[in-house]
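Listed below are the residues making up each chain.
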Amino acid sequence: MTATNLHLYVMVAPLLSAFAVNLLGRRSRNWIAPLALGALSFSTLGALLTLQRVLQHGGYRYTVGNWQPPYGIELVIDPLSALMLLLISAVALVATVGALKSVEQELPGREHLFFTLYMILVAGLLGLVMTGDAFNLYVLLEITSITTYGLIAMGRGRAPLASFNYIIMGSIGACFYLLGAGYLYILTGTLNMADIASILPGLQGHAAIATAFGFMMVGLWVKMAFFPLHNWLPNAYSLAPTGAGIMIAPLMTKVTVYLMIRVMFSIFAPEYTFFAHPGVQAGIVWVASLAILCASALALAQRNLRRMLTYILVAEVGYMVGGVWLANSTGMTGAVLHIVNDALMTLCLFLAAAAIVYRTGSLDFDHLRGLYRRMPLTMAAFTVGAFSMIGVPPTCGFFSKWYLILGAVEAGHWEFVVALLLSSLVNAVLFFRIIEIAYFKVNPQPSGDGLLAGEAPLWLLTPLLTAAIALLAVGIGSGPLVNQVIRLALPPGLAP
Amino acid sequence: MNYHSSLLPLAAICISLLVTVPILLSDRKPNLRESWTLLAAIGKFCLVAIMLPSVLAGEGFVLTLAEVFPGVPIQLRVDAMGMFFALVASFLWICTSIYSIGYMRSTQEQSQTRYYASFAVAISATIGVAFSANLLTLYLFYEMLSLSTYPLVTHKQNDEARASGRKYLSYILGTSIGLVLPAMLITYSIAGTLDFTAGGILAGHASKATLALLLVLFLFGFAKAALMPMHGWLPAAMVAPTPVSSFLHGVAVVKVGVFSILRVIFGIFGPDLLRSVDLGMVITTVASITILVASLIALSQDNLKRRLAYSTIGQLSYMILGAGMLSAAGMTGGLLHIAMHAFGKITLFFCAGAIYVASHKKYISEMDGLGRRMPLTYGAFLLGSLSIIGMPPLGGFISKWHLLLGAIESQQLVLLVVLLGSSLLNAAYFFPIIYRGFFASPAEGQDLSGIQEAPLCCLIPLLTTATLSLVLFFFPGVLLQLVRQALAL
């Protein structure tokens, strides 16, 4: 292992541990925690070193197995993908700590199966952000999707049905993407992103380019649940096993947004994406604004904490897609910062939900009464997450929203400004409704089944508090984060 | 003014923030818990007072906490205007703490630990607003204050309190996110900075229409200042325990709203710019309407605390009116009125609370003859209301005098009429309370014989603040000097 291929091991470690978890975890569940956490700690450390290296020496390309492109698979490590590597591995590490306890309660005896899929999923996500190959991206996208289908189907009640629904939508999305990639292959004869990008400008005016671009975008929008293609998400994510939700919810949509950025700027160029087809760019910002408003309205109608969170997730996808499509560096900065922030906020809130459900068995609003008294630390962390979603400084949610709104003001997209502000207000209503129930409604009489126990176990509390502190730390440190990392991560052509 | 880097402003803000931890930990030991509160209150005042001499000498303090956006750090800065507000707030905070102890124990309120902890966070946020060097920092502390006072408003936890809490947050958070945030972003994208600068940062960057839009967004966005029609939360918030009301009215919240608006007028727009585009009219019109309407509504309120609440709404607009006159005397009066009104109004609320503790009466119509049983409380009430009306020899006279001068200076005689008319209305809604207290005989079936003055812990603070309203008439020196320095006169 050398410094130049460290990133490869960042991905390989969870993959290997997936097999080890399956083999050894089958014998004794005691193996699972050290294997999973060990691999992810290694990945996090590796990702940190990779990021540091990239920031010092600039990005680099790596050919797997020394098969030269366009035949071999190329990995691209630039500031943006290195940042994503760190984000994914760190979030997965923290989420796994919480998932261990939750899965032990919900899926006794099937933990090794769960964590096998789980670790493959992490490996797939890590691979996705590194790949420089349009077809390889498709393969990894399917690896992550299929493992996700499996994980969701392990959930309770109608989870298999929700998963089936997701399979259908996910496969349609994948087909779209694959068709797009296919067109590009026919046009250019290569699947390597950099190669395609160098050939495409010579083919200007070819209608197939637009088709390919449109297909790839739609495919990814389905996968990231961009309104109005979001229908599969709320059921799938709210019925999934709690432990799976902790990791899937923060990472899947965010990684897909990252893929959208990759396709827009690494395969196509900003000049093409934004300006080749008049009206498209503005239209998508409008759709994003609608996405934010509709998803927020739908969230208002929910009476269950986790379902509410899933709709907020859909709204947040609108934030990021809108931010990217504002076509200026401020909006782009906001979108990338929001990928980081939203991953952390979602992690914090889903962990809090997991801690509550672990102790009380339900996330219906009526069951949340008096929770502040029974689980003060959990609810304190939940409150931090809620403030971040509302956008109260100094939590990180405020800072990405700032860039997004500022970008919209600069671009003159006032509809997006209004959507973001209204969504903040709706989030305030959503979360204060819960805070009011959990804080100020009188505690119900303890029922006989002993479910009114106290604070969540340390295995859930530690990652939760870590996530909450991260929200504040990333918020206060957002200045350096933007200046030293995200500015470098902006696609060429959009850098300020 | 020169600024030196120093940790003092941070210490002054954080001392009460840090003390929340021991407060929460000494949940079961009320005496220990209250000692922490008092310790923090006194410590905070001392830390603020230590900085006073250098500020008076023209030497301020500055501390950059984090560089968050290009050109906009999270930064603390102690200048004359901030010092003026922090001095008043941190002193009254001591009185409120002592009073809280007396009130909360006498009425045996629930969840007192939460109460004291929220209070400690809220006063930190208040001082934070005072010491903010730019609009972003101010916004941060402003939000922190909104969120930390929410549990105080909802303290009683019954349906009414929860409904009021919802109303409170909807107004305060709704306007700060919906109006101030976009206004701040537009300002930033126009000017590239948010620093409070003498003379403003917007001059030469924006058209008159943009300026007018921003001004309206800021005026109504800082809904804590309760400019009509953003005042609905204030009477609703009266369901909270009385020390909370006095905190809302005297020490913080409403004053933070006014302070924020004044900061924006002085430091973001700049009086010269507003004068040159003739936008002072917008401010004075909104403020005048609020003054008159609120005073008229106050006349009809029978609930003592609600009457005081409407009185506050009117008085807050005095301060904004003064600033809107854009003349030296007017601005001086407006800023000075923050302090004078604080001392007067906090006295009145302390008295209302003391009456409630002693007699459990909330309605003015039930208070006939009560003044003879509680002469000290009613005496203090008299001083407080005289100060609010603006009669000599009380502090309120000085600020009102400057306001009247300002109206003449800016040749807006309408404003003179508004101010004098409002004074009459103030007298009309205050004097009946005092008259009925001292001279009316108790209503049929009302037995007042068992009622005596409230406990010492309630009595001392209200006598102190009442006396100070008197003293401030004779010795307004330090405050006046700070105001003059703040306005660079």
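Residues numbered from 1 in each chain as written. Chains lettered and ligands numbered in written order. Predicted model: local features only at pLDDT ≥ 70, side-chain atom pairs only at ≥ 80, totals over all residues.

**Re the overall build of chain A**
When you go through chain A residue by residue, the secondary structure sums to 20 helices and two strands. For chain A, the C-alpha atoms occupy an extent of roughly 75 × 55 × 45 Å along the three principal directions. Counting only residues that meet the buried cut, chain A has 60% of its 496 residues in that class. In chain A, 80% of the contacts between residues at least 6 apart in sequence involve partners at least 24 apart. (Helix = DSSP H or I, 4+ residues; strand = E, 2+ residues; numbered from the N terminus. Buried ≥ 20, exposed ≤ 12 C-beta atoms within 10 Å, placed from the backbone. Contact = placed C-beta atoms within 7 Å.)

**Thoughts on the interface of chain A and chain B**
Taken together, the contacts link 20 residues of chain A with 22 residues of chain B. Among the elements of the structure, α17 (396-411), α18 (414-440) and α20 (478-489) of chain A are those that each provide at least two residues to the side of chain A that touches chain B. Looking at the side of chain A that touches chain B element by element, the count peaks at eight residues for α18(A). Broken down by class, the residue content of the side of chain A that touches chain B amounts to 15 nonpolar, three polar and two charged. (Nonpolar A, V, L, I, M, F, W, Y, C, P; charged D, E, K, R; others polar.)

**Considering helix α13 (residues 305-325) of chain A**
It helps to recall that an α-helix has 3.6 residues per turn; residues three or four apart then point in one direction. Along its 21 residues, α13(A) runs 31 Å from first to last C-alpha, staying within 8% of the 30 Å computed at 1.5 Å per residue. Burial within α13(A) is extensive, with 21 of its 21 residues counted as buried. (Expected span 1.5 Å × (residues − 1).)

**Quick notes on unusual backbone geometry**
Geometrically, the link from B:Met228 to B:Pro229 is a cis peptide bond, its omega value of 10 degrees lying close to zero. Going from B:Pro392 to B:Pro393, the amide bond is cis rather than trans, its omega being 5 degrees. Within the secondary structure, B:Pro393 sits in the loop between α17 (375-389) and α18 (395-409). The residue A:Ala225 is not glycine, and still its phi comes out positive at about 65 degrees. Among the structural elements, A:Ala225 can be located in the loop between α8 (207-224) and α9 (232-239). Residue classification places A:Ala225 among the buried residues on the basis of 28 C-beta atoms within 10 Å.

**What to know about the sheet that holds strand β1 (residues 2-5) of chain B**
All names here are of chain B. Pairing is mixed in the open sheet, where three strands are placed in the order β1-β2-β3. Looking along the sheet, the strands with just one partner apiece sit at the ends: β1 and β3 (72-78). Strand-to-strand twist of the sheet, defined as the mean angle between neighbouring strand axes without regard to direction, takes the value 40 degrees. As paired elements, strand β2 (residues 59-69) and β3 share seven bridges and run antiparallel to each other. Looking at the pairing, Ala66 lines up with Ile74 of β3. (Pairing = 2+ DSSP bridges. Axes fitted to C-alpha atoms, helices over the stretch in contact; angles between N-to-C directions.)

**Looking at the pairing of β2(B)**
Judged from the four bridges that link them, β1(B) and β2(B) form a sheet pairing that is parallel. Pairing of B:His4 across the sheet is with B:Phe61, part of β2(B).

**Brief notes about the packing of helix α8 (residues 208-221) of chain B against helix α13 (residues 280-299) of chain B**
Between two packed helices, the angle of one axis relative to the other and the distance separating the axes together describe the packing. Residue and element names in this part refer to chain B. Between α8 and α13, the shortest axis-to-axis distance is 10 Å and the interhelical angle comes to 30 degrees. Judged on the interaxial angle alone, α13 and α8 are roughly parallel. Of the two possible hands of crossing, α8 and α13 adopt the one that is right-handed. For the pair α8 and α13, the contacting residues are Ala212, Leu215, Val216 and Leu219 in the first and Val282, Ile283 and Val286 in the second. Looking at the contact of α8 with α13 residue by residue, the class counts come to seven nonpolar, no polar and no charged. (Parallel < 35°, antiparallel > 145°, perpendicular 65-115°, else oblique. Left-handed = near helix turned anticlockwise from the far one by under 90°.)

**Overview of the packing of α17(B) against helix α19 (residues 413-438) of chain B**
Residues and elements named next belong to chain B. Where α17 contacts α19, the axes come no closer than 9 Å and their chain directions differ by 170 degrees. It follows that α17 is roughly antiparallel to α19 by the angle criterion. Side by side, α17 and α19 meet where Tyr378, Phe381, Leu382, Ser385, Ile388 and Ile389 of the first sit next to Ser423, Asn426, Ala427, Phe430, Ile434, Gly437 and Phe438 of the second. Residues belonging to the contact of α17 with α19 are distributed by class as follows: nine nonpolar, four polar and no charged.

**Brief notes about α17(A)**
All names here are of chain A. Compared with an ideal rise of 1.5 Å per residue, which puts 16 residues at 22 Å, α17 spans 23 Å between its outermost C-alpha atoms and is within 8% of the ideal. Where burial is concerned, most of α17 is hidden: 14 out of the 16 residues are buried. Backbone geometry just downstream of α17 places Gly412 in the positive-phi region, at approximately 75 degrees.

**Notes on the environment of A:Ser102**
All names here are of chain A. Within the element layout of this structure, Ser102 appears in helix α3 (residues 79-106). A count of 25 C-beta atoms within 10 Å places Ser102 in the buried class. Ser102 sits 245 residues away from Leu347 along the chain, and the two C-alpha atoms are 14 Å apart. Other than its neighbours up to four places away in sequence, Ser102 contacts Thr242, Gly243, Ala354, Tyr358 and Leu460.

**Observations concerning the confidence of the model for chain B**
All names here are of chain B. The predicted model of chain B has a mean per-residue pLDDT of 87, with 99% of residues at 70 or higher. Ranking the elements of chain B by mean pLDDT puts helix α10 (residues 242-251) last, at 78, and helix α6 (residues 135-153) first, at 91. Scored as a whole, the predicted complex attains pTM 0.91, and scored at its interfaces, ipTM 0.87. (pLDDT = per-residue confidence, 0-100.)

**Quick look at the confidence of the model for chain A**
In the predicted model, chain A carries a mean pLDDT of 88, and 95% of its residues have values of at least 70. Contacts for the low-pLDDT stretch residues 447-451 of chain A, under 50 throughout, to residues beyond four places or in other chains number three contacts.

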